[in-house]
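Summary of the model geometry
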Amino acid sequence: MTFRRRIVLLSAAAVALALAFAATITYIVVRQDLRAGIDDGLRRTDPQITTVFQEQDGDPQPGLGATKVTRVAVPDGTFGGATGVAQATLESGQTILPAGPGAAALPVDNAVRAVASGTHPPFLRDVTVNGTHLRVFTRQGPSGQALQIARPLTEADATLSRLRGELALVMLFGIALAAGLGVVVSRMATRPLARLTATAEQVTATGDLRHRIPTPPDPPDDEPTRLAASFNAMLAALEASRDAQRQLVADASHELRTPLTAIRANIELLGHAPDLPPAEREAMLASAREQLEDLTVLVGDLVDLARPDLVGAREGCDDPPEELRLDQLVEAAVERARRHAPDTTFSVAAEPTIVRGTRARLSRAVGNLLDNAVKWSPPGGAVEVEVHEGSVTVRDHGPGIAEPDLPHVFDRFYRAPSARGLPGSGLGLAIVKHVADAHGGTVAAERPAGGGTLMRLELPERDAY
Ligand SMILES: Nc1ncnc2c1ncn2[C@@H]1O[C@H](COP(=O)(O)OP(=O)(O)OP(=O)(O)O)[C@@H](O)[C@H]1O
Ligand SMILES: [Mg+2]
């Protein structure tokens, strides 16, 4: 069942319930009122019991052959209004039947007789005599008779039956109206959903993340607007992330092309000139090997940069984050740098400090900083490394980074114009920044007094050691 149909059904059902409740109450109240009026009338009616002598032919003059007849009669109502009929059951057990056209005997049972003897209080009840629905009031007469006063309920029943029909009509009309309004309301309520669905389907069908849900210039602050806004924000975030990925792939393939071309040239040269002098051959192979190594490093860097979860926050992944001694990690990295660059003089001043992070990633970041320091140090230059409360600084005495290059050195593949003659791809500092960000830290390049470069990597310190 669709959402809209559900809204329509629910609103119709709610209205039906409310109407049924109102109709029932109305019916009960009207019925009560009608019958209370009749009951009051019956209670007020005072039938007269008279005894007359009646001639056989109906002449009421007493004479020979006249018989004594007891009659019970109800006084006429004002303007001949309906007053009902009466029946009396005398002490002798004789029942005086009501007079009048169509009148028939009212049922007499023990309760009626008990009223006559005064052992039962007066009571009202419904009876049906000869197919006529009657209301009968039974009370004690002035000299110990049971008086039954009856009035037909025909008119009241007809009124009530008409009322039932009318109420049913009102209910039907109300439900139809509610369903109609429900259709309109559901259409209005689901319009934003329809827009959302259409956009989502469009995105799915075309794979084009540039689609947005159209929003009015001055949107109200309601749920559909917020939903549309967050959907649009999600699309924008997805689009940005996909653009970043595309850019990375484009940059990467561009960067991979250079070493690949060089290696291909070397191999082709080796293939075309089979009788090269062994020394030259060896040199070319060594160069190709070196380029392959560079390429491997570059591919590793790219893989690192493409991974969003550098810190490995997920439990159970290969390289989970841990509390580690940053000072020891830096000392080990300097040790490795010393082996690679025996000419450079490293001095380390490290205070014990603990950070939370991934050992391999942090080693790599520090290694990249040291690598740059070595690369740009003059031969035999000095590199000073300090570790203090979660921060690592690496300072060299090279040419330094020119002021206009400072904002760009952490960009992927960015290399200052002066650096373009040196080996490297420009990913080193981008990786440092990526690692710093992933650990909730920062990295900055500074131009210290006295020349050279000072790189500052700051990580949130877990605990003073
Ligand atoms: N210590 C430094 N002294 C002078 N310039 C630096 C220093 N460190 C970085 N730079 C400048 O910042 C640029 C980016 O550095 P990054 O480490 O990202 O790239 P790279 O060292 O050129 O290549 P890679 O690290 O990928 O081998 C460098 O090309 C260089 O211009
Ligand atoms: Mg570098």
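All values derive from a computational prediction rather than experimental measurement.

Some thoughts on the domain arrangement of the protein
Along its sequence, the protein is organised into domain 1 (3-158), domain 2 (223-306) and domain 3 (322-464). A separation of 106 Å is found between the C-alpha centroids of domain 1 and domain 2.

Examining the sheet that holds strand E5 (residues 123-129)
Strand order in the open sheet formed by 5 strands is E4-E3-E7-E6-E5, and the pairing between neighbours is antiparallel. Strands with a single pairing partner mark the edges of an open sheet, and in this sheet they are strand E4 (95-96) and E5. The pairing of E5 with strand E6 (residues 132-140) spans 7 bridges and is antiparallel. The residue of E6 that forms the bridge with Asp126 is Arg135. Packed on one face of the sheet, helix H1 (residues 3-44) meets E5, E6 and strand E7 (146-152) and runs near 40 degrees to E6.

A short note on the nonpolar core
Residues Leu326, Val330, Leu370 and Leu457 are the most contacted members of the largest nonpolar core, which totals 42 residues. Here this core spans two domains, since at least three of its residues come from each of domain 2 (223-306) and domain 3 (322-464). Excluding residues within four positions of it along the chain, Leu326 makes contact with Thr353, Val355, Val387, Gly390, Ser391, Val392 and Leu459. Counting 13 residues, the second largest nonpolar core, distinct from the first, contains Leu42, Val74, Leu90 and Leu147.

Comments concerning the pattern of salt bridges
The final tally for this structure, using the stated rule, is 19 salt bridges. Across the salt bridge formed by Asp39 and Arg135, the nearest N and O atoms sit 2.7 Å from each other. Of this pair, Asp39 sits in helix H1 while Arg135 is found in strand E6, placing the two residues 96 residues apart along the sequence. A salt bridge links Arg325 to Asp327, with the nearest nitrogen and oxygen atoms 2.9 Å apart. Since its relative accessible area comes to 4%, Asp327 is described here as buried. Because the salt bridges share partners, they merge into one network encompassing Arg35, Asp39, Asp126 and Arg135.

Focus: the site of ligand 1
In the vicinity of ligand 1 lie 18 residues, with Asn372, Asp396, Arg415, Gly426 and Leu429 positioned nearest. A distance of 2.8 Å is found between a nitrogen atom of ligand 1 and a side-chain nitrogen or oxygen belonging to Asp396. One of the backbone N or O atoms of Leu427 is found 3.0 Å from an oxygen atom in ligand 1. Residue assignment for the shell around ligand 1 shows that the elements contributing at least two residues are helix H7 (359-376) and helix H8 (428-438). Among the elements that line the shell around ligand 1, the one with the most residues is H7, at 3 residues. Across the shell around ligand 1, the residue classes break down as 8 nonpolar, 7 polar and 3 charged.

Comments concerning the sheet that holds strand E11 (residues 382-388)
Reading across the sheet, the 5 strands line up as E9-E11-E12-E14-E13 and stay open at both edges, with mixed pairing between neighbours. Edge strands, defined here as strands with exactly one partner in the open sheet, are strand E9 (345-350) and strand E13 (442-446). Going across the sheet, the axis of each strand differs from the next one's by a mean of 10 degrees, ignoring polarity. Where E11 meets strand E12 (residues 391-396), 5 bridges bridge the pair, whose relative direction is antiparallel. Looking across to E12, one finds that Val385 is bridged to Val394.

Reading the values: rules and limits
Sequence positions are assigned chain by chain, starting from 1 and proceeding in written order. Lettering for chains starts from A, numbering for ligands starts from 1, and both go in the order in which the items are written. In keeping with the predicted nature of the model, local features appear solely for residues at pLDDT of at least 70, side-chain atom pairs appear and are counted solely at 80 or more, and the whole-chain, interface and lining totals rest on all residues. The basis for every side-chain value is the complete set of non-hydrogen atoms in the structure, without hydrogens or water. These domain limits were set by an automatic method or by a database of domain assignments. If DSSP finds at least two bridges between two strands, the strands pair. Counting from the N terminus, the helices are the DSSP runs of H or I reaching at least four residues and the strands are the DSSP runs of E reaching at least two. In what follows, a contact means two residues having at least one pair of non-hydrogen atoms within 4.5 Å. Inter-axis angles, ranging from 0 to 180 degrees, are taken between N-to-C directions of lines fitted to C-alpha atoms, where helices are fitted over the stretch in contact. Only buried residues count toward a nonpolar core. Its members are Ala, Val, Leu, Ile, Met, Phe, Trp, Tyr and Cys residues joined through side-chain atoms within 4.5 Å. Note on exposure labels: buried denotes an accessible area under 20% of the residue type's maximum, exposed denotes more than 50%, and partly exposed covers the range between, all computed with a 1.4 Å probe on protein chains only. For this document, the term salt bridge refers to a Lys or Arg side-chain nitrogen within 4 Å of an Asp or Glu carboxyl oxygen. We define proximity as follows: a residue is near a molecule or strand when any one of its heavy atoms falls within 4 Å of that partner. Within 3.5 Å is the distance limit for a polar contact, defined as a pair of N or O atoms, with the added protein rule that one can donate a hydrogen and the other accept it, and that residues adjacent in sequence qualify only through two side-chain atoms. Three residue categories are used. Nonpolar comprises Ala, Val, Leu, Ile, Met, Phe, Trp, Tyr, Cys and Pro, charged comprises Asp, Glu, Lys and Arg, and polar comprises the others, including Gly.

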